[in-house]
Each structure stands twice: as C-alpha cells, then as structure tokens.
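In case you want the letters, here they are:
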Amino acid sequence: MSMETIYEAPRLAPKPGERVVTSTCGHNCGGRCVVNAHVRGGKITRISTDARRWNPDHPPLPACARGVGQVERTYHPDRLQYPMRRTGPRGSGQFERISWDEALDEVAAQLLRVRETYGNAAILDGSRSGTLSKLHGRATALRFLHMFGGCSNLWSSMSNEAEIFSVKTVYGPDIPFKAAGREPTDYINSKLIWMWGWSPADGTFGTGTMAYLKQAKAAGVRIVCIDPRRTRTSRQLADEHIFIRPSTDAAALIAMAQVIVEEDLHDQTYCDTHVLGFDEAGLPDGAPAGASYRAYLMGESGDGIRKTPEWAAEITGIPADTIRRLAIEFGTAKPAALQTGYAPGRTAHGEQFHRAAYALAAITGNVGIVGGNSGSSNGATGQGFIKTFPAGPNPIDSRVSTPLLADFLDRGTSGGYPADIKLIYAAGGNIFNQSTNTAKTIAALDNVEFIVGQDHFLTPTTRYADIVLPATTFWERSDVHVPWAGAGHYAIYMDKAIEPVGECRDDIDIFGDLAARVGIEGYNDKSEEEWLRELTADAIDDFDAFRDQGVARFPAPAPEDAVAFADQIREPDAHRFSTPSGKIEIYSTTLAENPDPFGLGDISPIPTWVPHLDRDGEGDTDYPLQMCSAKSRARTHSVHGNQEKLRKVDPDFLWMHPDDAAARGIHDGQKVRVFNTHGASILPVKVTSDIAPGVTSMLDGAWFTPNEDGVDTEGSPNAVTAPVTARCGATTYNTNFVQVRPVNI
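In what follows, the accompanying structure is described.

## What to know about the packing of helix α8 (residues 249-262) against helix α11 (residues 309-316)
Here is step 1 of the chain: Running from amino to carboxyl end, α8 crosses α11 at an angle of 165°, the nearest separation of the two axes being 9 Å. Between α8 and α11, the angle is such that the two are roughly antiparallel. As α8 packs across α11, the resulting crossing turns out to be left-handed. Across from Ala 251, Ala 252, Ile 254, Ala 255, Gln 258 and Val 259 in α8, the residues of α11 making contact are Pro 309, Trp 311, Ala 312, Ile 315 and Thr 316.
Here is step 2 of the chain: Considering only residue class, the contact of α8 with α11 consists of nine nonpolar, two polar and no charged.

Laid out in structure tokens, this is it:
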C-alpha cells in the first residue's frame, strides 16, 4: 500500500463542448461522495458520480439520489435570486425585491441598534449545517457574530449531543467523537456486529459503509439489528431483527450486561486493567460503597432491583429469552462489535443509552481491539486533518441547549434564560423547522424584533425573516470537504462549476460587506484560493494537483490501528485515556463531582435506566402511541424538502403497525392526523409490520406547512415533538407520544 497521497479524478472525460467538474454535496448528509457536474453553456446539464467498481482497498465514492438531485435543486423555480424585504405578516411569504445595498444597510443598522439597545446576548445565531464545508460553512456566520461582540448560542448538536457527551465522559475529553469508533475496513474482522438504532442504508453513515458491511456479511460475520423499525439496512444485512420500543434502549443494554456478568462472560482482567468502576474493587478512592456498575446490575445498590432480562422485557418489549440469548452471544463472540446510531440518543435520557453501550463494549473486552468497537459508529480517522474557516471565540457566555429554543424565545430572562432574543441571524440553517415543536417556536417569534434569513429558498425559517439574502450553493464557489463520519482517508476539492445564479452571493462575501458596514476589521483578508491553501496545508502536499484532480487519497492506518483506542489497550502505561483516571470510565469521576454539568438535571456517575418522560400528564388512552422520526433518503434533514422529483425516492408516510391501524379503522394509504398536546400533522399512513406495535414513525425534515388551523399538512415530525432537552443537552425527538385518527374523524 502506498504511503503517499494519491490525487485522482473520479470522473468521465468531457464530451465535445462540455466541462466536467468534481465536487461533493455541501450539506450535512452522512455521505461525502463524488458528484460531477456536466456543464454546457455555463449551465449544469446533469450529474454523474464515481462509477468505478467496488474495491475495498481503494473504494469508489458513489453518490446517492440526493447527489444526482442537485440539478433540480440548483435550478429550482423557487430558488432565491435577489435580496428581499418582508411586506406582509411574518410567515405570509409576502416580500418585495430590493438591492443588495438596501438589504445590507438595513441588516447592519438593525445589528447595531440591537447591540446598542439590548447588548450582544440579544442576538441569536440561528445558523446550522445546511451549508457544511470547510470554508463556506456555518463558521462564516460565527466569525462575523463573534467579531461583532458575540451572540447567544444554541450550543448542543441536534443530531448527536448524547454521543458527544458520552464519548467525552467515558473515553475522555481529548478524543473527537468522530474519531472514537473504527474504520469500515475493520468490519470484516468481527465475529458479530450489533447495529443498534443504526441504518446507514437509510440515513447514510459514511460513503461506502454499506459496501463494507455487505463484504463482512459475505465473509460470515453475523449481523443483528435492534431498532423499532425494520429498515432497509436490516432487510439487506440482518441475520436477525429485534424490535424495541423507542427510548428504552438503555434498559435493554443494562439487562444484557447483567446477564454477561451473571454468566461470568465479562473480561475481568481487561476490566481490572482498563476500566474504572466496573466492580467495587475498581472504584476510585472516595467513591461510596455500592457505587459500581456491577452492584447496580445485580440489584445491590440504587433501586435494589436486579436488572434481569425479565425486568427489561417489561420496559423494552423484547422477550426476556431473547435478551438473555443475545447477551450470551455477545459475551461469547470474540471479537464482537456494537455499532450505535444517533437516534436512540435523541431521547429524554439519551446519554444513558450511549454510556450503557460503551459499558457493554468495555466489560466484554471489545474496546480498542481488531474486530471490536467502542460502541460508536463513527470512524477512527476523524476530520481534523483539514482545518475549518476560523470562527474565533464567542466573547459572551450566553448558551442554551438547542431543544429549548421555543421556550427560550418565548420566556427569555423571565424564564431563567440568559437573554431576551431580539434579533436572529439564520444563515444556512432551517432552525425553526428542525428544532423541537415548530409551532411553539414560530409563535414565540412575536418577541423577536428582526430576523435575517440567508439561504437558497424560502424555507420554514427564512419565510419568517424580515430581510432575505440569497446565498450561493456549493456549485457556485470552491471549497473542500472531508469524510462525514470521520472514517475513510480522503478529501474532495469542491470545484466551482457555474457562476452564481441571479444575484446570489457567497456567504463569506455577504458577511465581509456587513463587517465593513458595522466597523469590523479583518473579517476576511484572503482570497478563496488563499484560504483553501491555508486550510489544507497540513494534509495536502500538492494543492494544484488536488484542485485539478478533485480527490486526495491519504495513506490508511495499519489494520491494528483501524480501531479507536488501540494504543491505550496495547500499551496502557504509555497511552492512557484522557479521562481523569486515565481509564475507560464506566464510573464517571467528573459526574460524581458534578452530576449536573449543564443545569439541566443530575446525571448518574454510572449508566442507569431512567424512565422516559411521562406523557404530559395525560393518560395512556389519550396518547398511547410512541412516535419516533427516521432519516429520509430524499432529504438531508430538511435540505431538498421542496424537490418534487426527489421526494418520490422516499415518500412521506406515517408508519403504523397493522394492529394499531385496525384498532383505529385505518387502512394503508389513507390520510391520517397524528396529534398530541403539542400540535398535529396530516399525512398518508403506511400500514406495515416493519414497525413495532405501539410505535409510529415519520421522516425527518418535511417542511412545516400549517393550514388555517395551524395543523401541519406535510408530515413534519416537529409538529408533534416536545420542546424538552435531555440532561446532557441532547434533543428528544424520539421520546414522544401521539394519537392517530383518520382525517375528518
């Protein structure tokens, strides 16, 4: 294997009169694939991708339907093409065209007014990951707002805060969470893979991930999927599918750990060497008696309940015999890998799920070994080899957990929050649609005096803006991107394919002009190419070749280093975990000292089962069905949400089990109303045995489109999600209860 960077052009030769330009989708999708624009007469005519045959040693980077759908998106008739000012009520969609000077002068004046009148904390950064690349990403907004004196910040990741928190708690703060898993090249070395709430065939989780999993399956690796839904991944790969109730995953993992300990299948020597808090002997000095994980599992501490499969069966809906059989299998298969998705962590106590998963991987001795895994499905390479446009520090400390956005806007300082928000700057982020309980968020906008929407379309967020600024897409500028999942060893140069549509401008240039208007110096002192050369300097040894060819392939780690924490396990004296103890902390010393690190509620030092939220005081008969949201193959979160052609790839349905549908007189394909105390949505139903009884699901990212009664008509799951945060700051999309009825009944 070459130890040098290889530069390659994964594209077809252009036809006469055609130019072929390599890039990658600049969104927060789970892939990082090659998309080639075929350009004629200054317009993209079609998209192609990396068509090479599968080779595990040098895998191709093929795109999905969303990549091919970029032509429809770029030239969509609803594309924003010039600045606009709102003329009607917020949300009405009534705007007038204005010049860039008019728009930027007004935005600058409003920023200065709000800063002078209320202070910087009254400005909220509403930007997110709609544009996600190394130069032209969210950091362009953050750099401007930080240089302007700071802003209030929604600090927690909407996707995976529970995993971020848990990786730092269990394995240490110095490990990037995207480097805490293993490379897909290692899948084939496992004897057993559990895919827990993880479906890379639906949401995508790294380009090539499914191909490597199929390779492992063909080699005889047993694959078990645990999920409330039988997914495309499960159908293609699983030897067995286990249905589980949403938000109960920690209970199942805890019971499995109890079986492994009771059957003496844990690796005591490994625990003694590498793990803190597995048993009483492994507790740190000063920890109270009975504080170990083993004592909790065996009912010798805490609530005094032995965490048996029978105990977990009542909670999870998984039969006790199945829990016991799976646990014994995991405890005896060497090596075994637990791959977790983000979805089970998007729950009321999502951090307990991830910590329980890491604990199971640790007590069986599977962390840091070839064919094993830490419990994370991210890679081991990480993303830090190419830098990001520097945002700089935020001068003020005004931070709120993202799921609390609606309540934050509604109550502000009277509700104990750090500020009253008067101005929102939303660049490349459909935050109103994607945060929990959209209707409450929109209702709270009456407290906000000015909103800037900087995007490609009138999204459910930009629709409420006072000034709308049209931004370029990734096809209209150059940039660089790296593997999304922190796995794989390459970078893609995002070459500019076309000139900006209409009057659209790059985000960095928009903020540069605003900076001049508000007196900021030094916002941007380099050209686009100078920035890209600087950001890639640590990884790219021939920038010209990278730019011209399109893809840089870096040397892969040796097989023994393709799993995170291999050094810590091989040489524990020389390479310690970055936790305070230097070990895998099943018992967290930091949580023992400060159980409420975010002021959102206590988190136990060891993984425990905490019953999920009650049903808002309502009885089971009012909202008896659980509701979870799943990834759409037609959207990246809400990106592509207005593309009719692409929507056909994965139509929006409410999934419902046949027993639940029959009890309500609902038939397949019928329009239904899904509702609870937070709101309601109308969409067609898919009656299917591919979802657990008592559970419903909707696809993430549909654009909230209320009718005259305020009922969403497009199947947006955040019409019915609760504006509640997990104690670690994570979203709680998958801890929700609803009722479903046929429309008009």
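There is more to say after this.
## Side note on the packing of aromatic side chains
Here is step 1 of the chain: Tallied over the full model, the rule gives 27 aromatic pairs.
Here is step 2 of the chain: Ring plane angle 85° and centroid distance 5.0 Å describe the contact between Phe 205 and Trp 484, whose orientation is recorded as edge-to-face. Of the two residues, Phe 205 is situated in the loop between β9 (192-196) and α6 (209-218) and Trp 484 in the loop between β18 (479-481) and β19 (490-494); the sequence distance between them amounts to 279 residues.
Here is step 3 of the chain: Exposure remark for Phe 205: the relative accessible area of 8% places this residue in the buried category.
Here is step 4 of the chain: Judged by centre distance (6.1 Å) and plane angle (70°), the rings of Phe 389 and Tyr 523 are edge-to-face. Of this pair, Phe 389 sits in the loop between α13 (350-363) and β14 (399-400) while Tyr 523 is found in the loop between α17 (507-518) and α18 (528-536), placing the two residues 134 residues apart along the sequence.
Here is step 5 of the chain: Clustering of aromatic rings is evident, with ring pairs tying together Phe 144, Phe 148, Phe 389, Tyr 425, Phe 511, Tyr 523 and Trp 531.
Here is step 6 of the chain: A cation sits over an aromatic face here: Arg 115 above Phe 148, 4.1 Å from the ring centre.

## Some points on the pairing of strand β17 (residues 467-470)
Here is step 1 of the chain: In β17, alternate side chains face the same way, and those of Ile 467 and Leu 469 on one face and Val 468 and Pro 470 on the other are all buried.
Here is step 2 of the chain: Sheet topology places strand β5 (residues 84-86) next to β17; two bridges connect them, and they run antiparallel. Residue pairing across strands places Met 84 opposite Val 468, the latter belonging to β17.
Here is step 3 of the chain: One ladder, built from four bridges, connects strand β16 (residues 450-455) with β17; its direction is parallel. Looking at β17, one finds that Gln 454 is bridged to Leu 469.

## Considering helix α4 (residues 139-147)
An α-helix turns once every 3.6 residues. As a result, residues three or four positions apart point the same way.
Here is step 1 of the chain: Counting buried positions along α4 gives eight out of nine residues, so the element sits mostly inside the fold.
Here is step 2 of the chain: Taken together, the buried positions of α4 are Ala 139, Thr 140, Ala 141, Leu 142, Arg 143, Phe 144, Leu 145 and His 146.
Here is step 3 of the chain: Buried positions along α4 lie against α3 (100-118), β7 (123-125), β15 (423-427) and α17.
Here is step 4 of the chain: At the C-terminal side of α4, Gly 149 shows a positive phi close to 120°.

## Some remarks on the nonpolar core
Here is step 1 of the chain: The biggest cluster of nonpolar side chains holds 85 residues, and the ones touching the most others in it are Tyr 171, Trp 194, Trp 196, Tyr 293 and Ile 584.
Here is step 2 of the chain: Considering each element in turn, this core owes the most residues, eleven residues, to α8.
Here is step 3 of the chain: In this structure, Leu 142, Ala 491, Ala 545 and Phe 554 belong to the second largest nonpolar core, which totals 51 residues.

## Looking at the sheet that holds β18
Here is step 1 of the chain: Pairing in this open sheet of four strands is antiparallel, and the strands run β1-β20-β19-β18 from one edge to the other. The sheet terminates laterally at β1 (6-8) and β18, the two strands that pair on one side only. Across this sheet, the average inter-strand angle for adjacent strands is 20°, counted without regard to direction.
Here is step 2 of the chain: When β1 meets strand β20 (residues 551-553), the two strands line up antiparallel, connected through three bridges. If you follow Glu 8 over to β20, its bridge partner there is Val 551.

## Structural notes on the pattern of salt bridges
Here is step 1 of the chain: For the coordinates displayed, the defined rule picks out 43 salt bridges.
Here is step 2 of the chain: The salt bridge involving Arg 97 is made with Glu 503; its shortest N-O contact spans 2.7 Å. Pair noted here: Arg 97 is in strand β6 (residues 95-97) and Glu 503 is in the loop between β19 and α17, with a separation of 406 residues, a long-range link.
Here is step 3 of the chain: Arg 97 gets classed as exposed once you look at its relative accessible area, which sits at 52%.
Here is step 4 of the chain: Taking relative accessible area as the criterion, Glu 503 reaches 30% and is therefore assigned partly exposed.
Here is step 5 of the chain: Between Asp 105 and Arg 517 there is a salt bridge whose closest N-O contact spans 2.7 Å. With Asp 105 in helix α3 and Arg 517 in helix α17, this residue pair connects regions lying 412 residues apart in the sequence.

The rules behind each value
- Residues numbered from 1 in each chain as written.
- Predicted model: local features only at pLDDT ≥ 70, side-chain atom pairs only at ≥ 80, totals over all residues.
- Heavy atoms only, no water.
- Axes fitted to C-alpha atoms, helices over the stretch in contact; angles between N-to-C directions.
- Helix = DSSP H or I, 4+ residues; strand = E, 2+ residues; numbered from the N terminus.
- Parallel < 35°, antiparallel > 145°, perpendicular 65-115°, else oblique.
- Left-handed = near helix turned anticlockwise from the far one by under 90°.
- Contact = heavy atoms within 4.5 Å.
- Nonpolar A, V, L, I, M, F, W, Y, C, P; charged D, E, K, R; others polar.
- Phe/Tyr/Trp six-rings, centres within 6.5 Å; stacked < 30°, edge-to-face > 60°.
- Buried < 20%, exposed > 50% of the residue type's maximum accessible area, 1.4 Å probe, protein only.
- Lys NZ or Arg CZ within 6 Å of the ring centre and 35° of its normal.
- Pairing = 2+ DSSP bridges.
- Core = buried A, V, L, I, M, F, W, Y, C linked by side-chain atoms within 4.5 Å.
- Salt bridge = Lys/Arg side-chain N within 4 Å of Asp/Glu carboxyl O.

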